[in-house]
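Report on the structure
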Amino acid sequence: MGRKVSRCAAAWVAVMLGCAGLTGCSSDESPSSPESSAAAAVKSKASSVASAANSAAASAVASAVASASAEASAALEKVKGGLDAKADISLGSVATGSDGKAQVPVNVANHDSKPRSYTLLVNFKDQSDNLLDVVVVQVPEVAAGGTAHATARSNRDLTGTVTAEVSDALRY
């Protein structure tokens, strides 16, 4: 029985020493221990990684917008003998489709006495007026004095408050 008491006493002493060691740690102490320094370093590295990820995402978005804008401009350059037709175009309200892409109804009114085709560029912007996407909309053969309807859809998912504007339109 003496051995049992000795083992229990030894276990009790170990528990008490462990508790005493724990009471020496306090969250009120300044981060001077190696563990605190390591935690600060990990937190700093995580912040750097998050910042780099945000920067890379912003760069990818800017690249996608620049690419879409270049393609849209190239589409307009292909139109021969086109006349400015921005006054013939009106846009409805921007909505998000079931596919996650922004979409806006496009209304075209041909005020000419001949049937005309239209090519237009629609810019999607955020509430800070930053360009998010550019799309080309082709509206073929609108009857003389007639109207036609189309839909401009963003190339990628857009979130937040999105607006749309006709940046250029040609009739031919």
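Here the structure is shown first, and the text comes after it.
Computed from a predicted model, the values in this text were never measured in an experiment.

Structural notes on the sheet that holds strand E6 (residues 131–142)
- Across the sheet, which stays open at both edges, the four strands sit in the order E1-E8-E5-E6 with antiparallel pairing between neighbours. Unpaired on one side and paired on the other, strand E1 (83–84) and E6 mark the two borders of the sheet.

Observations concerning the pairing of strand E5 (residues 116–126)
- In terms of burial, E5 is largely enclosed, as nine of its 11 residues are buried.
- Where E5 meets E6, nine bridges bridge the pair, whose relative direction is antiparallel. The residue bridging Tyr 118 from the neighbouring strand is Val 139, located in E6.
- If you look at the hairpin formed by E5 and E6, you'll find four residues sitting between the two strands, and Asp 129 has a positive phi there, around 70°.
- Pairing analysis gives nine bridges linking E5 to strand E8 (residues 162–171), with the strands arranged antiparallel.

Notes on the pairing of strand E4 (residues 101–109)
- Going residue by residue along E4, you find Ala 102, Val 104, Val 106 and Val 108 tucked away on one face and Lys 101, Gln 103, Pro 105, Asn 107 and Ala 109 left uncovered on the opposite face.
- Bridge count for strand E2 (residues 89–91) against E4 is three bridges, and the pairing is antiparallel. Within E4, the position partnered with Leu 91 by the bridge is Val 106.
- Direction of pairing for strand E3 (residues 95–96) relative to E4: antiparallel, over a ladder of two bridges. Residue Thr 96 lies in a different strand from E4, and its bridge partner there is Ala 102.
- With antiparallel pairing between neighbouring strands as the criterion, E3 and E4 make up a hairpin whose turn holds four residues, including Gly 100 at a positive phi of roughly 85°.

Description of the nonpolar core
- Among the nonpolar cores identified, the biggest contains 21 residues, and Ile 89, Tyr 118, Leu 120, Val 122, Phe 124, Val 139 and Ala 152 are the most heavily contacted of them.
- Those elements giving two or more residues to this core turn out to be E4, E5, E6, strand E7 (147–157) and E8.
- Tallying contributions element by element places E6 first for this core, with five residues.

Focus on the environment of Gly 145
- Along the polypeptide, Gly 145 turns up in the loop between E6 and E7.
- Once the C-alpha coordinates of Gly 145 and His 111 are considered, the two residues, 34 residues apart in sequence, prove to be 5.1 Å apart.

Overview of the pattern of salt bridges
- Taken as a whole, this structure holds five salt bridges when the rule is applied.
- Here Arg 171 makes a salt bridge to Asp 88, at a shortest N to O gap of 3.1 Å. Residue Arg 171 is located in strand E8, and its partner Asp 88 is located in the loop between E1 and E2; the two are separated by 83 residues in the primary sequence. Pair check on accessibility: Arg 171 and Asp 88 agree, each one buried.
- Between Asp 157 and Lys 101 there is a salt bridge, and its shortest N-O distance comes to 3.5 Å. Taken as a pair, Asp 157 in strand E7 and Lys 101 in strand E4 lie far apart in primary sequence, 56 residues in all.
- A relative accessible area of 47% places Asp 157 in the partly exposed class.
- Here Lys 101 falls in the partly exposed class, since its relative accessible area comes to 23%.

Re unusual backbone geometry
- One non-glycine residue, Asp 129, lies in the positive phi region at around 70°.
- Tracing the chain through its elements places Asp 129 in the loop between E5 and E6.
- The phi dihedral of Glu 141 is positive, around 45°, even though this residue is not glycine.
- Along the polypeptide, Glu 141 turns up in strand E6.

Cut-off values and rules
- Residues numbered from 1 in each chain as written.
- Predicted model: local features only at pLDDT ≥ 70, side-chain atom pairs only at ≥ 80, totals over all residues.
- Heavy atoms only, no water.
- Pairing = 2+ DSSP bridges.
- Helix = DSSP H or I, 4+ residues; strand = E, 2+ residues; numbered from the N terminus.
- Buried < 20%, exposed > 50% of the residue type's maximum accessible area, 1.4 Å probe, protein only.
- Core = buried A, V, L, I, M, F, W, Y, C linked by side-chain atoms within 4.5 Å.
- Salt bridge = Lys/Arg side-chain N within 4 Å of Asp/Glu carboxyl O.

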